[in-house]
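Chains, contacts and geometry: an overview
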Amino acid sequence: MVPILYSIFDVLGTDANLYLAGILNLFMPIILTQKTIQEPDVKLLGGKGIHLAEMVKEGFPVPETFFITTEAYDKFVEMNDLKPKIMEIVNNADFSSIDSLTDASERVKKLFLDTHIPAMLREPIMKTYKDMGYDEAIKAIEFVNAARDIPFVAVRSSGVLEDAAGASAAGQYETFLNVRGKDDLFDKVKRCWASLYTPRVMYYRHKNNQPQDTTLCVVIQRMVNSESSGVSFTVDPTDPVGGANHIINEAVWGLGEMLVQGRVDPDHYVVDKSTGEILSKKISSKKEMMVKDRNTGKTIILPVPAEYIDKQILTDEQIVALSSYCKKIEQFYQGKPQDIEWATERGKIYITQSRAVTTLEKKEVGELGEVGRELIRGVGASPGIATGPVKLIKDLNELGRIEYGDVLVTTMTSPDYVPAMEKSVAIVTNRGGSTCHAAIVSRELGIPCIVGTQNATEIIKEGMIVTVDAVNGVVYEGKVAVDVPEVKHEEVSEEIQDTATDVKVNLAFPDTADKISGRADGVGLLRLEHMMTKAGMHPFEYVRQGKQDELTDMIVEGVGKVAKSFFPKPVWVRTLDVRTDEYSNMEGGSNEPKEDNPMLGWHGVRRSLEDTDIIKTELRAIKKLHEQGMTNVAVMLPFVYDVSELKKAKEIASEIGLPETVKFGIMIEVPSTALSIEKFCEEGIDFVSFGSNDLTQLTLGVDRNNERLIKLFDEMHPGMQALFKYAIEICKRNGVKTSICGELPSNRYDAVEFLIRTGIDSVSVNIDAVDKVRGWVAKIERKLLIELLKNR
């Protein structure tokens, strides 16, 4: 039957569609209920579905459930002619590229969400849903009346390949809780279907040589009004040999999502499988719980009442009863260890899911070991994977506790943290986005870093051994085997590709210069802050104590190391840009003034021109470097907003005798600087460099360190593009070199192409992005050349 004919069913009435669906159900069942299941078939129900169906038939306490089978999915795809569209998208995806997989996933998801569920499927699903109803006991505790007798349900995906022997695909598909009503139900069903094509699932199938053209069942299960929930294992997953005779039960108050998400440290009960004896109990402090709002039906997080925070969740009798169910389920599955999800309602235990534990054998990836529990997620800001013991830093005074090999977990880093960060194998923060201090410094140091977790300092405990997977933004408990697709960039030959647009590097640590100087066309941003604070004293404290000469020597030593490594390539040195809330833990830091908004306060060139001793110290150091023959060193002024600042800085340079041959430039970080760039060119500058992080923040009015606003922080917003274009065109007319040194060119191909098309002379990127971006630049320039030749 061709897809267009199926649309005829949509004009038929409900009764006609139910009649036709009933006939169809005889040959290819699209709906199965607890009463109509005969012999459970994994091809119809998927891995999760078949386990539930089997437990129902065996009489285990499973909440009322029905199944939208794989036949329904197949019919939905067939009736809407989606298969060729899906396969075209998937087959064209690059499985070595996370960006490509994400793009393919979003396009497939849009296909599902934009497609109508035909009436021949919709009507029987809705009728079965309404028939679930509530029993009288449930009505007594729910806000239900005769006109609203429609239950809240969980909508769970059940893949055909899920829970297969040796696989660990379980949990990769979508689950939705507290779904109620027709529109909500059908939306969640389509989202479950679409979850067959998330980036993670597509990559998993590709890696395991499984077909991409697969199918999925959707399980509709009455929501248990959970007083407590949890997960049980019929073997100790952390010690499958020594713990083979143990049943592990973990419990939280309310819904089990708090346990899955790692937001709460659960109670932990160990039971002897043979005797039923409780071997051990660990009662944790459980400060939050997820529950259903009685008024709205939505899932919300509430604080646990004080008297329940440290209270044992399950009674000893319930622990024994639950463990007995678990043992019987394992016996039913021929002794195969099970991973069982459960919940309690009015004291009764319900089994909501069971699946085989498929990943007990040890897996190794490099030096990594066993698979462990996911603790928390955030934004992977500096890619890499590392394992180590956690040091929880809640105060700057604790930084001395960090030792080499520790995982630093804190609310947010600042420049004070740099010495500790250099010792750490990985960094995890509550706050911050991809352009925050932790992200930028970690990328340069090559340390895995996850930011924006919101509550890592609450979830991750002192002394824990954790694995930080900063490729995917996940922290796991223990040494964990992490499978990550290798991201392939534009290939760069061993001989550095020659490009018209220079590819420079951003540096803060002189010791990293040698490893990149041969592959970069210069340094587009050399930060002085880390060199000037290495001895543990605030930069301005040197001035207050009259120790400017010491500061000059530090700059000469640090910048000189970089300049020698890169000579004769240019090294653009940014003068000091320290906010008043930075380095407060260092000697003299307490003498800094307090500001309500340091990000927009007394820092950059505006402070240097008031407290001129610091800029004189910096300029004397650069003068000394030129006298030593390092004529590739140039001066770059930060956070300039008006041409008068440039004039005053040049007067100070002349006053201390800085040679006129020293090149002078400015950072464009403030919109007023971009908009008045012609005035700067007239005053006399050799180069400009866009600081895209601050420029985006000030143009869009978005705090770049606020993880809630990450989605709004768009460096390629039309307003940003207008500023880039205007400033570059004015500079080109005046013979002024243009560059960019923010995060933007390190992360976005589209931005690099836009900037090259606009005429930028160079891009300066993070140390780990030089080769990738050089490949991008070479590709873009070849593309432009071909376009030019075609248009002749």
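Residues numbered from 1 in each chain as written. Predicted model: local features only at pLDDT ≥ 70, side-chain atom pairs only at ≥ 80, totals over all residues. Heavy atoms only, no water.

Looking at the pairing of strand S7 (residues 246-253)
On a regular strand, each side chain points to the face opposite its neighbour's, so the side chains alternate between the two faces of the sheet. Most of S7 is tucked away, with seven of its eight residues classed as buried. In this sheet, strand S8 (residues 267-272) lies alongside S7 in antiparallel orientation, the contact comprising six bridges. Opposite Asn249, over in S8, you have Tyr269 as the bridge partner. (Buried < 20%, exposed > 50% of the residue type's maximum accessible area, 1.4 Å probe, protein only. Helix = DSSP H or I, 4+ residues; strand = E, 2+ residues; numbered from the N terminus. Pairing = 2+ DSSP bridges.)

Some points on the packing of aromatic side chains
Using the criterion set out here, one finds nine aromatic pairs in the structure. Measuring from centroid to centroid gives 5.3 Å for Trp253 and Tyr308, while their planes differ by 85 degrees, and the two rings are edge-to-face. Taken together, the residues Trp253 in strand S7 and Tyr308 in helix H12 (residues 306-309) connect sequence positions 55 residues apart. Judged by relative accessible area, which is 11%, Trp253 ranks as buried. A relative accessible area of 32% means that Tyr308 is categorised as partly exposed. (Phe/Tyr/Trp six-rings, centres within 6.5 Å; stacked < 30°, edge-to-face > 60°.)

Concerning the nonpolar core
Counting residues in each nonpolar core, the largest one holds 85 residues, and the members touching the most others are Leu507, Phe566, Leu637 and Ile677. Per-element accounting of this core gives the leading share, eight residues, to helix H19 (residues 548-566). Apart from residues no more than four positions distant in its own chain, Leu637 is found in contact with Thr575, Val605, Ile615, Leu646, Ala649, Phe664, Gly665, Ile666 and Met667. Of all hydrophobic cores here, the second largest spans 46 residues; its members include Ala72, Tyr73, Met87 and Val153. (Core = buried A, V, L, I, M, F, W, Y, C linked by side-chain atoms within 4.5 Å. Contact = heavy atoms within 4.5 Å.)

Things to note about a nonpolar patch on the surface
A contiguous nonpolar patch, built from Leu785, Leu788 and Leu789 and spanning about 300 Å² of accessible area, is present on the exposed surface. Within the fold, Leu785 resides in helix H29 (residues 770-790). (Patch = residues over 30% accessible without salt bridge, like charges linked within 9 Å, V, L, I, M, F, W, Y side chains within 5 Å. Areas by Shrake-Rupley, 256 points an atom, 1.4 Å probe, with all protein chains shown as cover. Salt bridge = Lys/Arg side-chain N within 4 Å of Asp/Glu carboxyl O.)

Remarks on the sheet that holds strand S1 (residues 31-33)
Taken in spatial order, the five strands of this open sheet run S1-S2-S5-S3-S4, and their pairing is antiparallel. The sheet is open, and its two edges are formed by S1 and strand S4 (175-179), each paired on a single side. Neighbour-to-neighbour, the strand axes of this sheet turn through a mean angle of 20 degrees, independent of strand direction. Of the strand pairs in this sheet, strand S3 (residues 153-159) and strand S5 (residues 216-222) are connected by seven bridges, and their pairing is antiparallel. Counterpart to Val155 in the pairing with S5 is Ile220. Strands S1, strand S2 (65-68), S3, S4 and S5 of the sheet are contacted by helix H7 (residues 119-132), whose axis makes an angle of about 175 degrees with S2. (Axes fitted to C-alpha atoms, helices over the stretch in contact; angles between N-to-C directions.)

A look at the pattern of salt bridges
In this structure the tally under the stated criterion is 31 salt bridges. The salt bridge involving Glu592 is made with Arg607; its shortest N-O contact spans 2.6 Å. A residue pair is termed long-range when its members are at least 10 positions apart, and Glu592 in the loop between strand S24 (571-574) and helix H20 (605-608) and Arg607 in helix H20 qualify at 15 residues. Each of the two residues, Glu592 as well as Arg607, counts as buried.

Considerations on the sheet that holds S7
With respect to topology, six strands assemble into an open sheet ordered S9-S8-S7-S6-S12-S13, the strand pairing being antiparallel. Because the sheet does not close on itself, it has two edges, and the strands there are strand S9 (278-282) and strand S13 (348-356). Taking the axes of each pair of neighbouring strands and ignoring which way they run, one obtains an average angle of 20 degrees across the sheet. Looking at chain direction, strand S6 (residues 228-233) and S7 are connected through six bridges and run antiparallel. Bridging from a neighbouring strand, Ser229 pairs with Val252 of S7.

Topic: unusual backbone geometry
In this structure, the amide linkage connecting Phe567 to the following residue, Pro568, adopts the cis form with an omega of 5 degrees. Mapping Pro568 onto the fold places it in the loop between H19 and S24. The residue Asn178 is not glycine, and still its phi comes out positive at about 55 degrees. By secondary structure assignment, the location of Asn178 is in strand S4. Asn178 gets classed as buried once you look at its relative accessible area, which sits at 8%.

A look at the packing of H19 against helix H21 (residues 612-627)
H21 packs onto H19 with a crossing angle of 45 degrees between their chain directions and a minimal axis gap of 9 Å. The angle between the axes of H19 and H21 places the two elements in the oblique class. Note that H19 runs across H21; the crossing there is right-handed. Listed contacts from H21 to Gln548, Leu551, Thr552, Asp553, Ile555, Val556, Val559 and Gly560 of H19 are Asp613, Ile614, Thr617, Glu618, Arg620, Ala621, Lys624 and Leu625. Its residues assigned to classes, the contact of H19 with H21 comprises seven nonpolar, four polar and five charged. (Parallel < 35°, antiparallel > 145°, perpendicular 65-115°, else oblique. Left-handed = near helix turned anticlockwise from the far one by under 90°. Nonpolar A, V, L, I, M, F, W, Y, C, P; charged D, E, K, R; others polar.)

Focus on helix H3 (residues 42-57)
Relative to the 22 Å expected for 16 residues at 1.5 Å per residue, H3 spans just 15 Å between its end C-alpha atoms, considerably shorter than the ideal helical length. Along H3, the helix axis deviates most sharply at Lys48, where the bend reaches about 90 degrees. H3 sits mainly inside the fold: 13 of its 16 residues count as buried. Where H3 starts, the residue carrying a side-chain oxygen 2.9 Å from the main-chain nitrogen of Lys43 turns out to be Asp41. Once H3 ends, the next one or two residues include Gly59, with phi positive near 85 degrees. (Expected span 1.5 Å × (residues − 1). Bend = angle between axes of the 7 residues up to and from the residue. Polar contact = N/O pair within 3.5 Å; in protein donor to acceptor, adjacent residues only side chain to side chain.)

As for H19
The end-to-end C-alpha separation of H19 is 27 Å, in line with the 27 Å expected for 19 residues at 1.5 Å each. Along H19, the sharpest change in direction is near 25 degrees and occurs at Gly560. Looking only at H19, the buried set comprises Leu551, Thr552, Met554, Ile555, Val556, Gly558, Val559, Gly560, Val562, Ala563, Ser565 and Phe566.

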